[in-house]
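# Structural description and commentary
Here's the letter readout for the chains.
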Amino acid sequence: MSTLSIEEKVGQMLGVGFQGLAAPDYLLDWLAAGRVGVIILFARNVESPEQLARLTQSIHQAAKYPVLIGIDQEGGMVARLREGFTESPGAMALASARNAEALTERVDHMLAVEMQAMGINWNFAPAVDITYNTANPTVSTRSFGSDAEHVGQMAASAVKGFQRGGVAACAKHFPGLGDTSVDTHLELARLNVSVEHILHFDLIPFRAAMDAGLASVMTTHTIFSALDTQHPATLSPVIVKRLLREELGFRGVVASDCMEMKAISDHYGAGESAVLAALAGIDLILFSHTRSRQEAAYEALLNAVQTGRVPMEVIDAANERIADLKRAYPAQTPDVKRIRDNAHLEVAQEAARAGTVMLANEGILPLPQERVGLVEFASYMETEVMEKGEQTSFAKRVIERFPQIKLITLQPDANTREVVEEALELARTVDVLVIATRSAHLNLEQLEAARGLLVAASRSVLVCLRNPYDAGVLAEAKTIICTSSDSPPSLQAAVDVLAGEFVPNGKLPVTVMTHA
């Protein structure tokens, strides 16, 4: 570390993302010059295992110093590696399983093995936020639940799984993002919870993750008024230095969430936000999208060091922690043969089944083969599939098992009156109607349409493919299945329940009031 120039030390503290399936020349130049320490990958950078292997290899080969390649691979709702990779059900589904801790470690170890096989050595997971607010658009099924101790146990298992698989884990969003209804991608959140509540509830999962050997922590762009009335956690010395470093004694790497989220970018310029983050105690400052902002952050931080605004000891301490992390989790040569093998697929399917919950059962399962209908509210990710007239992933699986089923797929929102009436007519004419929702509790149009379908149907099955909270607002349902995930293994588990292949025995880690 002592041999690095000031320019290189500043560069090692910056993480950047880019557009496209190949690293642009300017990024390769930055790597060769040592002026960037982390590359952040998104779904936009991934086409297939073979392409990703070429991409990460080009990044590592170009880098003057060892580089961290980071990605959001939580599983379930947030996953950048999907097509061609093994997907997992995600946090809330895993937490619903009877053998939740052991299963979580196995699943996350599997995810880590596939990341490591792609040359990826840092995962922005697990999310260890506690669920408080059913209206929270950011956390939802990414959370392990509402009980702080249980979330802590799950967090520890996830950390062990990821890191045993050779990938550094990153617990987020410090000091806890669960009790807000604001999406920090869109605006700055403010929480007025007490210091006592933060210490005795929100920090429990972080403490458990640290006790399990946690490599890194990611902060949230949220103001916690009881701790710092002015700065969001990412820019707050009170929260990073005093709470995380001194109170909790964390010695690993501290990373920011993306500094291009509107919670930061609407209030600070890229350069000033980078400087304030470094002064707050952030080691790795992440700009995930825009080259001009990445350049502005680098130049501003370098200038702040050269003029003495940011002390050199801050930069040196951050570089030492970053170097330690890179030594502990070195990148491996990509090996596509380790992706999606049978053992990985089996553990993912086992986890999906174990995490499926039967909240109510009217005794109409397995479904009959005839006079059955399905109305599915599709995911936003499958709107293009619908526009092409193709079937969704769930519909395909249902048709394979029930060839005679009549189905209608609705948009997540903004459906025409004609297509809604067609769905209602289907509900009236079949003996059993399956209604598959995706976070209807957050979408008034979907909620009203689903209620109408339940009223119109003589018998019905509600399948909550995302948030289980849908069951609490669709009181008319008498048979309710919750997968807490619409990843492929969870979709298959839902179909298997409808076909009577197994009876779910999972238990939700959150409270959902039903009237069935």
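For the structure given in this document, a descriptive report is provided here. If you're wondering where the values come from, they're calculated on a predicted model, not measured in any experiment.

## Side note on the overall build of the chain
- When its secondary structure is counted, the chain shows 19 helices and 18 strands.
- A compact globule built from 516 residues should have a C-alpha radius of gyration of about 24 Å, and the chain, at 23 Å, falls within 12% of that.
- Counting over 516 residues, the chain shows a buried share of 61%.
- For the chain, the accessible surface area stands at approximately 19200 Å², while carbon and sulfur atoms represent 48% of it.

## Digging into the nonpolar core
- Ile39 and Ile285 are the most contacted members of the largest nonpolar core, which totals 116 residues.
- Not counting residues up to four positions away in its chain, the partners in contact with Ile285 are Met13, Leu14, Gly15, Ser256, Met259, Ala274, Ala277, Ala278 and Leu301.
- One finds Leu410, Ala423, Ala440 and Ala457 within the second-largest nonpolar core, a separate group that totals 32 residues.

## Some remarks on the pattern of salt bridges
- Summed over the entire model, instances satisfying the criterion amount to 26 salt bridges.
- With a shortest N-O distance of 2.5 Å, Lys64 and Glu8 are connected by a salt bridge. With Lys64 in the loop between helix H3 (49-62) and strand S3 (68-71) and Glu8 in helix H1 (residues 6-12), this pair connects stretches of sequence that are 56 residues apart.
- The residue Arg466 makes a salt bridge to Asp486 at a minimum N-O spacing of 3.1 Å. You can see Arg466 sitting in the loop between strand S17 (460-464) and helix H18 (470-473) and its partner Asp486 sitting in the loop between strand S18 (480-482) and helix H19 (488-498), a full 20 residues away along the chain.
- Accessibility expressed as a relative area gives 14% for Asp486, which makes it buried.
- One network of salt bridges, with partners in common, ties together Asp72, Glu74, Arg80, Arg142 and Lys172.

## Quick look at the environment of Ser393
- Examined against the element boundaries, Ser393 turns out to sit in helix H15 (residues 393-401).
- Looking at Ser393, the relative accessible area reads 28%, which means it is partly exposed.
- As a C-alpha pair, Ser393 and Gln492 span 99 residues in sequence and 9.3 Å in three-dimensional space.
- Those residues in contact with Ser393 that lie beyond four places of it in its chain are Glu382 and Leu491.

## Concerning the pairing of S3
- Burial along S3 is two-sided: Leu68 and Gly70 facing one way and Ile69 and Ile71 facing the other are all buried.
- One ladder, built from 4 bridges, connects strand S2 (residues 38-41) with S3; its direction is parallel. Directly across from Val38, in S3, lies its bridge partner Leu68.
- Read as a crossover between parallel neighbours, the route from S2 over H3 to S3 is right-handed.
- Two elements, S3 and strand S6 (residues 122-123), share 2 bridges in a ladder whose sense is parallel. Looking across to S6, one finds that Ile71 is bridged to Asn123.

## What to know about the packing of aromatic side chains
- On inspection of all chains with the given rule, the structure shows 3 aromatic pairs.
- Ring centres 4.8 Å apart and planes at 75° place the aromatic pair Trp122 and Phe124 in the edge-to-face group.
- Judged by relative accessible area, which is 2%, Phe124 ranks as buried.
- Measuring from ring centre to ring centre gives 5.0 Å for Phe174 and Phe206, while their planes differ by 80°; the resulting arrangement is edge-to-face. Of this pair, Phe174 sits in strand S7 (residues 170-174) while Phe206 sits in helix H7 (residues 195-211), placing them 32 residues apart in sequence.
- Here Phe174 falls in the buried class, since its relative accessible area comes to 0%.
- Lying across the ring of Tyr298, Arg35 places its NZ or CZ 3.9 Å from the centre.
- In this arrangement the basic side chain of Arg291 is found over the ring face of Tyr26, its NZ or CZ atom lying 4.1 Å from the centre.

## Quick word on the packing of H7 against helix H8 (residues 237-247)
- Running from amino to carboxyl end, H7 crosses H8 at an angle of 55°, the nearest separation of the two axes being 12 Å. In terms of their interaxial angle, H7 and H8 are classed as oblique. As H7 packs across H8, the resulting crossing turns out to be right-handed. Of H8, the residues touching H7 (which contributes Leu199, Leu203, Arg207 and Met210) are Leu243, Leu244 and Glu247.
- The residue makeup of the contact of H7 with H8, split by class, is 5 nonpolar, no polar and 2 charged.

## Some remarks on the pairing of strand S16 (residues 432-437)
- In terms of burial, S16 is a largely internal element, 6 of the 6 residues being buried.
- Of the two faces of S16, the one holding Val432, Val434 and Ala436 and the one holding Leu433, Ile435 and Thr437 are both buried throughout.
- The sheet contact formed by strand S14 (residues 372-377) and S16 spans 5 bridges and is parallel. Across the sheet, Gly373 pairs through a bridge with Leu433, a residue of S16.
- Note: S16 against S17, 5 bridges, orientation parallel. Paired with Leu433 across the strands is Ser460, a residue of S17.
- With helix H17 (residues 444-456) bridging S16 and its parallel neighbour S17, the resulting β-α-β unit is right-handed.

## What to know about empty space enclosed by the protein
- Throughout the structure, instances matching the rule amount to 6 cavities of 30 Å³ or more.
- Along the wall of the largest cavity there are 16 residues; nearest its centre are Glu74, Gly75, Gly90, Ala91 and Arg142.
- Those elements that place two or more of their residues in the lining of the largest cavity are strand S4 (73-75) and helix H4 (91-95).
- Across the lining of the largest cavity, the residue classes tally to 9 nonpolar, 4 polar and 3 charged.

## Considering the state of the cysteines
- In the structure shown here, the tally under the stated rule is 0 disulfides.
- Summary of cysteine pairing: Cys482 is not part of a disulfide, and the nearest cysteine sulfur, belonging to Cys464, is at 4.1 Å.

Analysis parameters
Residues numbered from 1 in each chain as written. Predicted model: local features only at pLDDT ≥ 70, side-chain atom pairs only at ≥ 80, totals over all residues. Heavy atoms only, no water. Helix = DSSP H or I, 4+ residues; strand = E, 2+ residues; numbered from the N terminus. Rg over C-alpha atoms; globule rule 2.2 N^0.38 Å. Buried < 20%, exposed > 50% of the residue type's maximum accessible area, 1.4 Å probe, protein only. Areas by Shrake-Rupley, 256 points an atom, 1.4 Å probe, with all protein chains shown as cover. Core = buried A, V, L, I, M, F, W, Y, C linked by side-chain atoms within 4.5 Å. Contact = heavy atoms within 4.5 Å. Salt bridge = Lys/Arg side-chain N within 4 Å of Asp/Glu carboxyl O. Pairing = 2+ DSSP bridges. Right-handed = clockwise from strand over helix to strand, strands pointing away. Phe/Tyr/Trp six-rings, centres within 6.5 Å; stacked < 30°, edge-to-face > 60°. Lys NZ or Arg CZ within 6 Å of the ring centre and 35° of its normal. Axes fitted to C-alpha atoms, helices over the stretch in contact; angles between N-to-C directions. Parallel < 35°, antiparallel > 145°, perpendicular 65-115°, else oblique. Left-handed = near helix turned anticlockwise from the far one by under 90°. Nonpolar A, V, L, I, M, F, W, Y, C, P; charged D, E, K, R; others polar. 1 Å grid on protein atoms, 1.4 Å probe; cavity = no way out; pocket = protein on both sides within 12 Å on 5 of 7 lines; lining within 4 Å. Points joined across faces, edges and corners; volume = space filled by probe spheres on them. Disulfide = S-S within 2.5 Å.

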